[in-house]
Amino acid sequence: MKTYVAGLLIVGISYTLSAQTGSPAKDTIRLSLKDAWQKAEENSRNIRINTISADIAEAEVKDAKRERLPEIDVKGSVEKASNIPIYENGIFSRPTQHEVIHTLYRAGADFYLNIYNGNKLNLKIKENQTLQKIKNIQKKQSVSDIHYKTAALYLELQKTLIFRDLIKHDIEDQKTQLKEIQVLYKNGVVLKSDVLRIELELSKRKMTLITIENDILIATQKLNIILGIPDDQMVMPEAPINQWNENTTYNEYLKLALDHSFNYHVSGQQTELSKLKVKQVKANVRPKIGMYGEFYYANPQIFLYPYNPYWYSLGIVGIKASFSISSLYHNTNKVKEAQLEFEKEEEAHKDTEDQVRQQVKEAYLRYQEALEQIKVAEANVIQAKENARIIKNTYFSQTSLITELLDADIQLLQTKFELEAAKIMAQNNYYLLQNITGIL
């Protein structure tokens, strides 16, 4: 155990801890987690990309709805016509020229209004609305993901700061203890080796403090990058607060996940898209009905004989209907393909549901495990403190060895690390659980 903790001190514990009591530098930024979330959202390119994608999807829905309006064209033309040669004695004889009106003018407008097209337009609108829902879900997911990533880095910085605080206090305690042992050595009560062992352990702790200072700089840079602030800007997180809910059950988290999970709802919308695709393919074998019209002014009048060089107007309105016979046999395999794609998406949706259940179960159990670790670690700290007190008294009364004193000190420090690490891990797992269920 002693070897483990000594290595832990030198390498730097992976579960570092929360809040620092030292005075911050003048340029230090104090940030709450909510402030960090806001800065991360503002700086996240992924969120901006998903926001633009959602805006594009919204515009596509509006564009599809506009297709319900009639198509209207305005057009005009000016044409020059030659005389009409008439070959009275055959095509190889010299023709006579029949005079015509050489300049022709035409200006008008036409429209087409879709009345029925196998319900394709409504299906297209529903398809674009479904795609918009997917983009909005992905936008929310990118926000939730950046929240969790920021929270993880924020907690990491809290851990390293508390770890530094613990080490500093322990170093001061070891210095005090070293002075007491040096007095005993001068009085000939203990051996020189005892002093050397204490000095060695103190040196290890000082080296650990250097490692932790570097860990703080590394953790700060990682957090600063996601917040969009300079790498060397010092950030001071708030003191850790236990912000978790111990009363929510697994079934309640699972229900939340099925109601809000991003992956689950994206999968559901993908299934809906496949269902719409089947309807769209089936619509190919339905008739197409529309209203059309045309109105124009023209000169000269060559619509009716005899022709004359005057302006005239004409308006036409009608109903047009068509049906593609070839679609009856061209569409058969397309329908089958679309139905198989729909069945595949249904299975994929069920598979996604299984994955969500598994993720919620795993995150919930790890979360409960961390909460239990807190209780165990709290009891261990109390026991380690009492043990260290007893061993220290027995050592100074010459009834225990220096190794026992050092072991007791290391065990006490280790239990403090484990307690703070368990608190941070519980908070991390709680945010992870919220991210998986889609409520972070």
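Everything that follows concerns the structure shown earlier in this document.
Attention in this report is confined to the structure presented alongside it.

A short note on the packing of aromatic side chains
Thinking step 1. Going through the model one piece at a time under the given rule, you end up with nine aromatic pairs.
Thinking step 2. Three or more aromatic residues link up through ring pairs in this structure, and these residues are Trp37, Tyr367, Tyr430 and Tyr431.
Thinking step 3. The lysine or arginine in question, Lys320, covers the ring of Tyr292, its NZ or CZ lying 5.2 Å from the ring centre.
Thinking step 4. Cation over ring: Lys361 sits above Tyr250, and NZ or CZ is 4.5 Å from the ring centre.

Remarks on the environment of Asp215
Thinking step 1. With respect to the helices and strands, the residue Asp215 is situated in helix H5 (residues 192-227).
Thinking step 2. With relative accessibility at 23%, the residue Asp215 sits in the partly exposed group.

Quick look at a nonpolar patch on the surface
Thinking step 1. Taken together, the side chains of Val78, Tyr105, Phe295, Tyr297 and Trp311 present a nonpolar region at the surface, about 570 Å² in accessible area.
Thinking step 2. Among the residues examined, Tyr105 registers a relative accessible area of 37% and is labelled partly exposed.

Things to note about the nonpolar core
Thinking step 1. Membership of the largest hydrophobic core comes to 74 residues, with the highest contact counts inside it found for Ile181, Leu223, Leu227, Val360 and Tyr431.
Thinking step 2. For this core, the secondary-structure elements that each account for two or more residues are helix H2 (33-43), helix H4 (120-186), H5, strand E6 (235-237), helix H6 (250-260), helix H9 (332-396) and helix H10 (402-437).
Thinking step 3. The biggest single contributor to this core is H4, with 17 residues.
Thinking step 4. For Val360, the residues in contact, after removing those within four places along its chain, are Tyr250, Tyr253, Leu254, Ala257, Leu433, Ile436 and Thr437.

Some remarks on H6
Thinking step 1. Those residues of H6 not exposed but buried are Tyr250, Tyr253, Leu254 and Ala257. Down the axis of H6, the sector holding all buried residues measures 100 degrees, keeping them to one side. For H6, exposure combined with an orientation more than 90 degrees from the buried face picks out Asn251 and Lys255.
Thinking step 2. Those residues of H6 that are buried are in contact with H9 and H10.

Focus: the packing of helix H7 (residues 262-282) against H9
Thinking step 1. Look at H7 against H9: their axes get within 9 Å of each other, and the N-to-C directions meet at 170 degrees. By the angle class used here, H7 and H9 are roughly antiparallel.
Thinking step 2. Class assignment of the residues belonging to the contact of H7 with H9 gives a composition of eight nonpolar, nine polar and eight charged.

Rules and cut-offs
- Residues numbered from 1 in each chain as written.
- Predicted model: local features only at pLDDT ≥ 70, side-chain atom pairs only at ≥ 80, totals over all residues.
- Heavy atoms only, no water.
- Phe/Tyr/Trp six-rings, centres within 6.5 Å; stacked < 30°, edge-to-face > 60°.
- Lys NZ or Arg CZ within 6 Å of the ring centre and 35° of its normal.
- Helix = DSSP H or I, 4+ residues; strand = E, 2+ residues; numbered from the N terminus.
- Buried < 20%, exposed > 50% of the residue type's maximum accessible area, 1.4 Å probe, protein only.
- Patch = residues over 30% accessible without salt bridge, like charges linked within 9 Å, V, L, I, M, F, W, Y side chains within 5 Å.
- Areas by Shrake-Rupley, 256 points an atom, 1.4 Å probe, with all protein chains shown as cover.
- Salt bridge = Lys/Arg side-chain N within 4 Å of Asp/Glu carboxyl O.
- Core = buried A, V, L, I, M, F, W, Y, C linked by side-chain atoms within 4.5 Å.
- Contact = heavy atoms within 4.5 Å.
- Arc of directions from axis to C-beta.
- Axes fitted to C-alpha atoms, helices over the stretch in contact; angles between N-to-C directions.
- Parallel < 35°, antiparallel > 145°, perpendicular 65-115°, else oblique.
- Nonpolar A, V, L, I, M, F, W, Y, C, P; charged D, E, K, R; others polar.

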